Amino acid sequence: MNEVFKKLNSERIELTDGYVLLPDSFNGIVLQRETEKTRRKKDKTEEKYIHVETIYQPTISKALTRYLQLTASEAKSIEELRDIVLRVEDKINSLKEVW
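So, a few notes on the structure that sits alongside this text. Treat the numbers as computed from the prediction; the structure is a model and nothing was measured.

1. What to know about the sheet that holds strand E3 (residues 29–40)
Consideration 1: The strand order across the open sheet formed by four strands is E1-E2-E3-E4, and the pairing between neighbours is antiparallel. Each edge of the sheet is formed by a strand with only one pairing partner; in this case those strands are strand E1 (13–14) and strand E4 (46–57).
Consideration 2: Here E3 pairs with E4 via 12 bridges, running antiparallel. Paired with Thr38 across the strands is Lys48, a residue of E4.

2. Overview of the environment of Asn27
Consideration 1: Inspection of the secondary structure assignment puts Asn27 in the loop between strand E2 (19–23) and E3.
Consideration 2: The class for Asn27 is partly exposed, based on a relative accessible area of 44%.
Consideration 3: In this structure, the C-alpha to C-alpha distance between Asn27 and Glu89, residues 62 residues apart in sequence, is 24 Å.

3. A closer look at the nonpolar core
Consideration 1: With 17 residues, the main nonpolar core has Ile13, Leu15, Leu21, Leu31 and Ile60 as its most contacted residues.
Consideration 2: Listing elements by their share of this core, those giving two or more residues are helix H1 (3–8), E2, E3, helix H2 (60–72) and helix H3 (78–98).
Consideration 3: In terms of residues, this core owes the most to one element, H2, which gives five residues.
Consideration 4: Here Leu31 is in contact with Leu15, Tyr19, Val20, Leu21, Glu53, Thr54, Ile55, Ala63, Arg66, Tyr67 and Leu70, once residues within four sequence places are set aside.

4. A word on H2
Consideration 1: The end-to-end C-alpha separation of H2 is 18 Å, in line with the 18 Å expected for 13 residues at 1.5 Å each.
Consideration 2: Here H2 has its buried residues at Ile60, Ala63, Leu64, Tyr67, Leu70 and Thr71. Projected down its long axis, H2 carries its buried residues within an arc of 120°, all on one side.

About the thresholds
Residues numbered from 1 in each chain as written. Predicted model: local features only at pLDDT ≥ 70, side-chain atom pairs only at ≥ 80, totals over all residues. Heavy atoms only, no water. Pairing = 2+ DSSP bridges. Helix = DSSP H or I, 4+ residues; strand = E, 2+ residues; numbered from the N terminus. Buried < 20%, exposed > 50% of the residue type's maximum accessible area, 1.4 Å probe, protein only. Core = buried A, V, L, I, M, F, W, Y, C linked by side-chain atoms within 4.5 Å. Contact = heavy atoms within 4.5 Å. Expected span 1.5 Å × (residues − 1). Arc of directions from axis to C-beta.

Right, dumping it as structure tokens:
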């Protein structure tokens with residue numbers, strides 16, 4: 001387990017927008033995004049499900065860099081991008097205190 005998770009005494013670090021950090025068995029980090037989606041069945045009914053994207057990273061800094069890239073790509077304006085970068089920076093600073 002990665003040192004950050006040991007110091008926080010947690011197995012899950014909530015980021016934002018459905019993103020979480022999880023430890024993997026090889027001392028790396030898993031960045032996971034959970035989104036709710038809808039699929040249409042053959043009988044034309046719709047059902048909701050949770051789609052999980054998993055990204056494996058060797059270090060927490062690379063996982064947070066990837067998180068920043070993914071969230072920044074969702075911005076629709078410069079102001080929204082600035083807010084995203086500031087929010088991610090705050091999260092990084094709070095994790096830096098631990099690691």
